[in-house]
Every structure is written in structure tokens, then in C-alpha cells.
Amino acid sequence: MSFPKNFVWGAAAAAYQIEGAWNEDGRGPSIWDVFSHEPGKVFDNHNGDVACDHYHRWREDIDLMREVGLQAYRMSVAWPRLQPTGTGKPNAKGLAFYDRLIDGLLDAGITPWVTLFHWDLPYALHQRGGFLNRDFVEWFGDYAGLVAAKLGDRVKHWMTFNEPPVIMGLGHHEGRFAPGLVLPLSDCLLGAHHLLMAHGRAVQALRAGCRGRVKISIAHTARERIPVQEDRRTIEAARRDYFSSTAPNLWNLAWWADPIVFGRYPADGVQAFGRAMPKVTAADLRLISQKIDFLAYNCYTGWQIRADAQGRPERVPGGFGAGNPRGTLSWLEIAPSALYWAARFQTERYRLPLVFSENGFCNTDFVHDPQRIDFLARYLAGIKRAVQEDIPVAGYFHWSIMDNFEWIEGYKDRFGLVHVDYQTQKRTLKDSAYWYREVIRQNGANL
Ligand code: FCB
């Protein structure tokens, strides 16, 4: 059995995690530059100043992608490279970099899928209130417009934001990621509302500024809810838990996705958050609910769910059981059916095709990485099951094409198909890269 004929096989990376060249050619500082330069914020005080030096080595990196056989590459553009202070005149050198990169990818037969915002907010905008400032909506819309004007003749696949729960949750509520704020839930819900409106504004700008038909989404993420057994009661409990929006944090998937697809916030969350809710107008919701073309989704791990005596969802105590394998980051509990349940639940509810915009495994390996191959084989079997059941999964982007700066974990944990020696910047394909190449070549028939 093969995957659907047009299934897209790709891999992903993000600007701050690979580019380096943090202060070259007019790039302005982002919140991640400032945060990672603050002692104690990142493992061993690593930062993205050099990272994989992709800014200078992009040609070599495209060659590697071609060697892996990628059909598509999910990248992000760095806002502070294009608008050093976040607004105003574009930086020509920054634009020229992405211009060349896009041409290089297309010449190599690799389709670029571009994310506008993968966490590197221009620091100057943070100083002006960042997401909490209503003007953010227009700042982001203008930025999207200038990217569309420059790259929209060639780029047809777009994502606005990467992982809103990390931006607002880890960045503004829990304080663990840049900008490191610990704000009350009410402020975060306001920031989230602005983020969603900015998404809508960007969708409008992309449709207006790109040539021809474009496909647009926003890359969401959540913890999957995996029914511990596959009877109707348990599945229903898992579904209910997955789309519940009552947890007093920024991790509720439906909180982010319902307004975009349905044009309204989930009623259970509105009730649960009560006085913490921002003021929401009908015009706001119209802006937020611009039509999107697919669901982009980053999927790594999940919780097992069972139904209690009343049919209510509860997490299975002890997770997946003692000794269940994990990546070197403890949150990455191996849950192979995560991709299947994510695709099934989300496409049922939102009635759009789904593309996995990230999924991958971290280790501290060199080039022999049997665990990553094992991870991939098990997880991809979840997509295989989904497509066999006619669940519309349209693509898969492995995280990541190469080892890179893993945010607060620095360079400690490696997610790449390609090994990077950070001392020499030498790249080497791992065993998993060759394995994945064969999956791509056979369009999944060997899974
Ligand atoms: C996701 C991020 C990505 C990478 C992976 C491991 O949350 O989007 O940049 O760090 O996790």
C-alpha cells in the first residue's frame, strides 16, 4: 500500500535555530537573542549567534536536503532580518537572503513551505508591548504583506505562526521561553486574542500579495489524547478531553483552532475563564476566521485517556507505563499512535486536510541513530493507518532536517536527520536520513 499520490514528504527547521549571523547584514535583535544572552536562561548559556551557520551555508544545506530526497522544506523567515525593529522600511539584505534561498530550493526541486513567525519577535516590538499591544495585529499584517510582495511570486504554502501555546504559554505565562514573562491568565488571553487577529490579518495580506492560489494555515500543537482502548466510550472520552478548553492555561487546542475555523471561542472556555476573558467583538472574530486551506500540526507525544464510571475523561495514571521509551528531553514520551489520533480527531472536527508540520525525536547521537529510525517507523505507521481509513493527511515534515539550537536546551539535544558538528560545522547524514530517503522514494510503501 502506498500513500496518496500527492502526499508531501518533507523536513523542517526554523530561522533562529539554524541561521546564526545574528547581527549581520542589518538584522535587528529578537527576543531570543536577548533571552539567550542572559546568563542561566539556556542550557550551558548556549545561544543562536552562530547556530548551524545556515545563513552562510545554505547552499550546502540545500544539497543535503536534495540528498535526503526531500520534496518540501518547511522554513521560517526571521522578522528581525526583514524589519530590524519590527516596523517600517524592509531591510534589503535580509530580503535578498530569503530570495536566494527560495530560488535555491526551487532549483533543487524542493517546495518551500514558509512560516512567518517561529518565535523570533523583533525585540523593539517586545519593548512596545509585543502581543499585548493591539497594534501587533497591524505590525504583523504589514510584515506579512512585505514578505508576500517579495516571495509570494514563488512561495505557495504558508503558515502564519508556529505553536501559539508556546508563544503565549511558555513565553508569557510560564516564563520559561523568551521573552520570559509570567503574566496573569487575563493578559495572556488578551495576547492570544491579538495573536489570532494578527493571524487573520496575515491571511488577508498573503492572499492579496501572493501570485496565484496559495495554501495557508497556522501551525498548532497540543498533547494528543490517546484512547487506552478502542471502544466508543473511551474514544469519546479522549475526544472530549482533547477539545476541552477549561484548563487555566494556554494549551487548549480548541481555544486556538475553533475561533479560526468556526469563528467563535469554545463556550466551555469562555465560561471557565470568566472575568479573565478579553473583550471580543464580532469584527474581531470575522478577522480571525479568515478561511484557511489546511490544518498544520506539530505532533510529538500524548497522554493515554480512559473513561471513568460516568464516562468522563481521565488520564491513565502512570502514563504509558514504567520504562516506556523517551527522547533525551523528558517531555518526549514515545506515543506512536499520536499521529493517528491527532489526524482523526482534528479532521473530524475541522473538516480540513491535515499536514504534520513537525514530528521528530531527540537524542544525543552521532550518525548511527537506530532509535530515530525506530521512532519514525512506529510513528509513520500512525499516518499509514489514517490514510488507509481515508483520513485526509496530506503531508509530513520531519523535525528536523538537521541538528540545531533547541531553545532552552541549547545544542544538547539533537533532532536532526543530519548531524551537525558545532565546532567545525561539518554536516553528516545520519542513518535515519538514508532510511527516510527510502520512505520518500517508495512513497511510504515500505512502512
Ligand atoms: C517544537 C518547535 C520546534 C522544535 C521542536 C522540537 O515545539 O516548534 O522549533 O524546537 O519543538
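Just so you know, these numbers come straight off a predicted model, no measurement behind them.

Please explain the site of the ligand as it appears in this structure.
Inspection of the region around the ligand gives Q17, H118, W119, N162, E163, N298, Y300, E358, W399, E406, W407 and F415 as its neighbouring residues. A distance of 2.7 Å is found between an oxygen atom of the ligand and a side-chain nitrogen or oxygen belonging to E406. Across the complex, the protein chains shield 94% of the 290 Å² of accessible surface that the ligand would expose by itself. Each residue belonging to the shell around the ligand can be placed in one class, and the counts come to 5 nonpolar, 4 polar and 3 charged.

Which parts of the structure should I look at to understand the pattern of salt bridges?
Opposite charge on two side chains makes pairing possible when the charged atoms of those side chains draw close. Tallied over the entire structure, the rule returns 35 salt bridges. A salt bridge links D413 to K412; the nearest nitrogen and oxygen atoms lie 2.7 Å apart. By relative accessible area, which is 2% here, D413 ends up buried.

In this structure, what is going on with helix α5 (residues 92-107)? I would like to understand it.
Every α-helix winds through 3.6 residues per turn, so residues three or four apart in the chain are directed the same way. Counted at 1.5 Å a residue, the expected span for α5 with its 16 residues is 22 Å, and the 22 Å between its end C-alpha atoms agrees. Considered for burial, the residues of α5 that qualify are G94, L95, F97, Y98, L101, I102, G104 and L105. In this structure, the buried residues of α5 make contact with α1 (15-18), α3 (54-68), β2 (72-76), α4 (79-82), β3 (111-117) and α7 (136-151). G109, located one to two residues past α5, shows a positive phi value of around 75°.

Explanation requested: the packing of aromatic side chains in the structure shown.
Note on aromatic pairs: each is described by the distance of the centres and the angle between the planes. Evaluated as defined, the whole model comprises 48 aromatic pairs. Note on F140 and F161: the rings are 4.3 Å apart at their centroids and 20° apart in plane angle, and the pair reads as stacked. Separated by 21 residues along the polypeptide, F140 in helix α7 and F161 in strand β4 (residues 157-162) bring together distant segments of the chain. The same class applies to F140 as to F161, namely buried. Members of the aromatic cluster, each reached through a chain of ring pairs, are Y16, W32, F35, W119, F177, F405, W407, Y411 and Y422. One residue, R349, lies across the ring of F243, its end atom 4.4 Å from the ring centre.

Scoring rules and cut-offs
Residues numbered from 1 in each chain as written. Predicted model: local features only at pLDDT ≥ 70, side-chain atom pairs only at ≥ 80, totals over all residues. Heavy atoms only, no water. Near = heavy atom within 4 Å. Polar contact = N/O pair within 3.5 Å; in protein donor to acceptor, adjacent residues only side chain to side chain. Areas by Shrake-Rupley, 256 points an atom, 1.4 Å probe, with all protein chains shown as cover. Nonpolar A, V, L, I, M, F, W, Y, C, P; charged D, E, K, R; others polar. Salt bridge = Lys/Arg side-chain N within 4 Å of Asp/Glu carboxyl O. Buried < 20%, exposed > 50% of the residue type's maximum accessible area, 1.4 Å probe, protein only. Helix = DSSP H or I, 4+ residues; strand = E, 2+ residues; numbered from the N terminus. Expected span 1.5 Å × (residues − 1). Contact = heavy atoms within 4.5 Å. Phe/Tyr/Trp six-rings, centres within 6.5 Å; stacked < 30°, edge-to-face > 60°. Lys NZ or Arg CZ within 6 Å of the ring centre and 35° of its normal.

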